[in-house]
Amino acid sequence: MLLLPLLTLLISASASVLGELEDDIDSDLADFDLDIAPRRVPRQVKTILTKETKPHVQELSIKTTIISRYAFTAVYCAMLNRHSAATEGVFQFQIPAGAYVSNFTMIIGGRVYQSEVRPKEKRVKQENGKAKNKESGDASPEPEVEVFRMAASIPGRNRAVFLLTYEELLQRRLGRYEHVTSLRPLQLVSRLSLDVTIVDHSPVTDLEVLPLRNSRSTGAGSASNVPNAPRIPAKPELPITTVIKNEKNVCKITFSPNIVQQAKIATNGILGDFVIRYDVQRDMGIGDIQVLNGHFVHYFAPKDLPVVPKNVVFVIDTSASMLGTKIRQTKDALFTILRDLRPGDHFNFISFSNKVKVWQPNRLVPVTPLSVRDAKKFIYMLGPTGGTNIDGAIQTGSSLLRDYLLGPDASPNSVSLIIFLTDGRPTVGEVQSTAILGNTRSAVQEKFCIFTIGIGNDVDYRLLERMALENCGMMRRIHEEADASAMLKGFYDEIGTPLLSDIRINYTEDSVQYVTQHLFTNYFNGSEIVIAGKLTNQSAESLHVQVTASNNDRSIILETDVPLRHRQTETEKHVKAATAAMAAGAKAPGSGGAQGLGVALSSVAEDFVERVWGFLSVKEGLRSRLRSQTSKEREGHTHQATNLSLTYHFLTPLTNLVVEKPEVLADGTMAPAPTITPSAGDSVSTANELPSDTEDRKPQKPDGKPGSQTSSLSNTVGKAERRPAKKSITISKTSADGDPHFVVEFPLSKLTVCFNINGEPGHILRLVSDHKYSGVTVNGKLIGAPAPPGSHKQQRTYFSTITIVVDQPKRAYIEVTPKKVILDGRDRMVLPCHSTVAVDSGALSVSIVGKSNVTVTVGGSISFVILLHQYKNPAPYQRDHLGFYIGNSKGLSHNCHGLLGQFLYEEVGLAELPAQGDMKPSPVLKVKDRSVPVVQKSRRIYSGTQSVDCWFARNNAAKLIDGQYEDYLMSHMFDTGDWPHGTNRV
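Since this is a predicted model, take the numbers as computed values, not measurements. (Residues numbered from 1 in each chain as written. Predicted model: local features only at pLDDT ≥ 70, side-chain atom pairs only at ≥ 80, totals over all residues. Heavy atoms only, no water.)

Examining the state of the cysteines
As used in these notes, a disulfide is a covalent bond between sulfur atoms, one from each of two cysteines. Counting across every chain of the model gives 2 disulfides. Through a disulfide, Cys754 is tied to Cys950; the S-S separation comes to 2.1 Å. Between Cys754 and Cys950, the S-S dihedral sits near 75°, and the bridge is therefore right-handed. Of this pair, Cys754 sits in strand 36 (residues 751–756) while Cys950 sits in strand 51 (residues 946–953), placing them 196 residues apart in sequence. Sequential numbering of the bridged cysteines in the chain gives the disulfide pattern 1-2, 3-4. (Disulfide = S-S within 2.5 Å. Helix = DSSP H or I, 4+ residues; strand = E, 2+ residues; numbered from the N terminus.)

Now the structure itself:
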């Protein structure tokens, strides 16, 4: 998963350390500020720490990298159990409500417990079928944040390490992006550090770090996602120890209070939210488009446009439950909003409880000093009483606005909206949510938008959210304890200045696919429109972009041709700047657990544009699911959003994050890890068992008959049947497996040749290249691992991902990892590798034997087998990885190339160089016109079930392969570029 490169560092950090806590405390107490009384405060801090009964948080390191508004955050938490008995350790961390957890890992007693994202099942099935000793990471919804919580037993005198990563796309509101990090470890921490790096294509502007925010009801925007008024002072005081380094396109913010400085802020470990706000310099025109690895993201935020007049109806709940603070704060906000209405705007107010009252019946009034004064009187006289007639209020407001838009006074290019505020559920009139939503759609008729606001804990937020989504608006929650006046005013500020309406963004037809939402009803000042998609033709020189919209009294058309290669180069440049900044932070002295977090973030940052697309696509799927009108429509959106969540390992409302938990014995020690050592011929199903008839394997229907040419899914998930003893393997030995070790079988020459490739983690190798002829390309991505003890190597590399791209008769691809298979053919499907399943999708078919192997068949005459090497509790030098075997190559052309493909139709000979002096004769291979020195070796293949004798070529297969190793490095996983020297014929 995302953090696999870190496991060695983290496992070594999780060793049992007796008495280390006291050393940490003494070290921390030596770093007192001189202005603190040196005797009294340390004693208080030490008393707090010694009274702790739960495991002590030795280190909490949080590292965030924000690349072009997309934030990757990795959290490292190390806990020490000082007691001899096992103790429950609870890792708890608040994440922004709009973020998705993308990985969770525990390391306890030196063993790794890796999370797995699974689709949510129906509640009954989930309750009956929950695996023993497994627990789901739960994300309990709150209005502003979600709390990720995981509890696990920590053996006596031992340490636990928890790793959490999450991702979010920052939203621009009121002209600023806001990034919030929760610092609430619930106890004083020996080593606490926060490191935020902002890297953007454009220079960063207006950067500010706010004072720590510890209450939902504090003034400067009580919710993490709304930078509300009242504005904070021009130069707010920075949190203690905060350091800011701003160098044009790269900004670094660090916060690392020692244990005494933490105690000055809060002795209970609730330090608050660390809030960063900033913007980026932007030019007029089409916006910022970034391109990386076959994906693009488009940021559109025009400025300096004239304001579009608006027609707004405020619908305000005045039921009895609004009595007291709620109605007072609502009135305060409305008084302020009235002052901000512009000449040219038209407005009205409606209050509702049992009855619905309209301030100015049958019309919207223009903004004048007199109308504003009369409106203030109406607001002042509002008095809470009675029940909640939501349906009646919406119908009245919609009718009022609809009639005005049909009249002579309405401006054709104005923006119309209803702002609806309530603190309760419907109790009067129509009370069924589905009926209210249907009535609302009929009343609105897609002529205006509804923006909903819910105050407190008794609101039907699902109703308000669907009402807003179905009618092109947004919904806001205001917590019971929050400053409702500031939040209501802040929300109005976001939507109070419309600049464009009816925005449509189009790209060159047939050049893009899977584009996220590109039609928008309104664009408000200070916000941003973000669109992402896939490029169907990555070799195209340019992408034509057209933006059409209405503004005030005219239509706007913006057009440009985006140079794709230049944008790819520019995007790669600032991704490199981000990874360099992360690597520098990882090497900083005293960075502790953050050392590895930079490595983890840099590995995912390289695909940030694709992850932006995945993130937006999941959000869009969830919104579409929520506003679905039929069960079939809802099921389709659910399926799509679930598949995308699994693809990107996102914890969403449709998935669970499941992780196995350690078993701790009664004496406080860990139960021994289970071991399985099947002997040859046993009928035990090993983790990497190949099907017995791989070469002729077809996708199977549930009845066992060969699958027909339909896009059907035959799933045998969950069958726990014992397989018969394995038969002999009949597929070719030509493969790339293990470190990676390459084996090439030459049947005509009756020789087998082998070689190693010593690449670097992150390198993408071309294995098979036949793009021009059969249309097939196979690429493999390397992942790094430390060498086992006693090895002469410093590190080993394995294949973490294999992609098979097919371009004939229609483009399709399969991407295989040890956890999942993504099939993008007729339909996009994500298949888990722990299940047995077969899918036929036209030119491509895939057959998975759960936790064992994946067979990919192309056009019936080409087949590849990919072995799944998985470890339950991996040692430091073990990584889940893949092995690639060529099953049937008949359909590949004689011009095929790649590290393996170039040998498929070759013949080789074996000769001996004559002895020289005391040297014995040495064997050489004759390959084409080259002589390659070789030695005889034995290699184990097929997951160690067979051995093969082969002639081994040293030095990264120098002279054996055409060209050099670097010629086989690809720019991305879907690169189908030709072999740089033509065919394999020299």
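Back to the write-up after that little detour.
Quick notes on the confidence of the model for the chain
Looking at the chain as a whole, its pLDDT mean stands at 81, while 81% of the residues score no less than 70. Contacts from residues 1–41, a stretch scored under 50 in pLDDT, to residues over four places away or in other chains number 93 contacts. (pLDDT = per-residue confidence, 0-100. Contact = heavy atoms within 4.5 Å.)

Overview of the packing of helix 6 (residues 325–340) against helix 7 (residues 369–380)
Where helix 6 meets helix 7, the axes come as close as 10 Å, and the angle between the chain directions of the two elements is 175°. Between helix 6 and helix 7, the angle falls in the class roughly antiparallel. When helix 6 is examined against helix 7, the residues Lys331, Leu334, Phe335, Leu338 and Arg339 are found in contact with a partner set consisting of Val372, Ala375, Lys376, Ile379 and Tyr380. Of the residues assigned to the contact of helix 6 with helix 7, the class counts are 7 nonpolar, no polar and 3 charged. (Axes fitted to C-alpha atoms, helices over the stretch in contact; angles between N-to-C directions. Parallel < 35°, antiparallel > 145°, perpendicular 65-115°, else oblique. Nonpolar A, V, L, I, M, F, W, Y, C, P; charged D, E, K, R; others polar.)

Quick notes on the sheet that holds strand 10 (residues 172–173)
Ordered in space as 10-11-16-13, the 4 strands form an open sheet in which the pairing is antiparallel. At either margin of the open sheet sits one strand with a lone partner, and together these are strand 10 and strand 13 (204–209). When strand 11 (residues 176–183) meets strand 16 (residues 272–280), the two strands line up antiparallel, connected through 7 bridges. In the sheet register, Ser182 faces strand 16, and the bridge partner there is Asp273. (Pairing = 2+ DSSP bridges.)

Considerations on helix 9 (residues 433–444)
The end-to-end C-alpha separation of helix 9 is 16 Å, in line with the 16 Å expected for 12 residues at 1.5 Å each. Within the sequence span of helix 9, burial applies to Ile436, Leu437, Gly438, Thr440, Ala443 and Val444. Here the buried face of helix 9 lies against helix 8 (390–406), strand 24 (449–455) and helix 10 (461–469). With its phi angle positive at about 55°, Gln445 sits one or two positions after the end of helix 9. (Expected span 1.5 Å × (residues − 1). Buried < 20%, exposed > 50% of the residue type's maximum accessible area, 1.4 Å probe, protein only.)

Concerning the nonpolar core
Core analysis: the biggest nonpolar cluster contains 59 residues, and Phe755, Val846, Phe884 and Leu960 have the highest contact counts within it. Not counting the four nearest positions on each side in its chain, Val846 is found in contact with Ile814, Val821, Leu823, Leu831, Val837, Ala838, Val839, Val854, Thr855 and Val856. Formed by 58 residues, the second largest nonpolar core is a distinct cluster that contains Leu60, Phe93, Val101 and Phe974. (Core = buried A, V, L, I, M, F, W, Y, C linked by side-chain atoms within 4.5 Å.)

Concerning unusual backbone geometry
A cis amide bond links Asp739 with the next residue in sequence, Pro740, at an omega value of 10°. Locating Pro740 in the fold gives a position in the loop between strand 34 (735–737) and strand 35 (741–746). Positive phi is not limited to glycine here, since Arg69 has a value of about 75°. The backbone of Asp502 shows a phi angle near 50°, a positive value even though the residue is not glycine. Tracing the backbone shows Asp502 in strand 26 (residues 498–507). Residue classification places Asp502 among the exposed residues on the basis of a relative accessible area of 53%.

A few points about the sheet that holds strand 26
Strands sit in the order 28-26-30-31 across an open sheet of 4 strands; the sheet is antiparallel. Among the strands making up the open sheet, the edge pair consists of strand 28 (519–524) and strand 31 (554–563). Taken pair by pair, the neighbouring strands of this sheet meet at an average axis angle of 25°, ignoring direction. Sheet topology note: the strand 30 (residues 542–551)/strand 31 ladder contains 10 bridges and is antiparallel. In the strand pairing of strand 31, Ser542 is matched with Pro563.

Quick word on the side chain of Asp195
If you trace the backbone, Asp195 turns up in strand 12 (residues 191–199). Within polar-contact distance, the side chain of Asp195 engages the side chain of Lys63 at 3.1 Å. Here Asp195 is in contact with Ile62, Lys63, Thr64, Lys252, Ile253 and Thr254, once residues within four sequence places are set aside. (Polar contact = N/O pair within 3.5 Å; in protein donor to acceptor, adjacent residues only side chain to side chain.)

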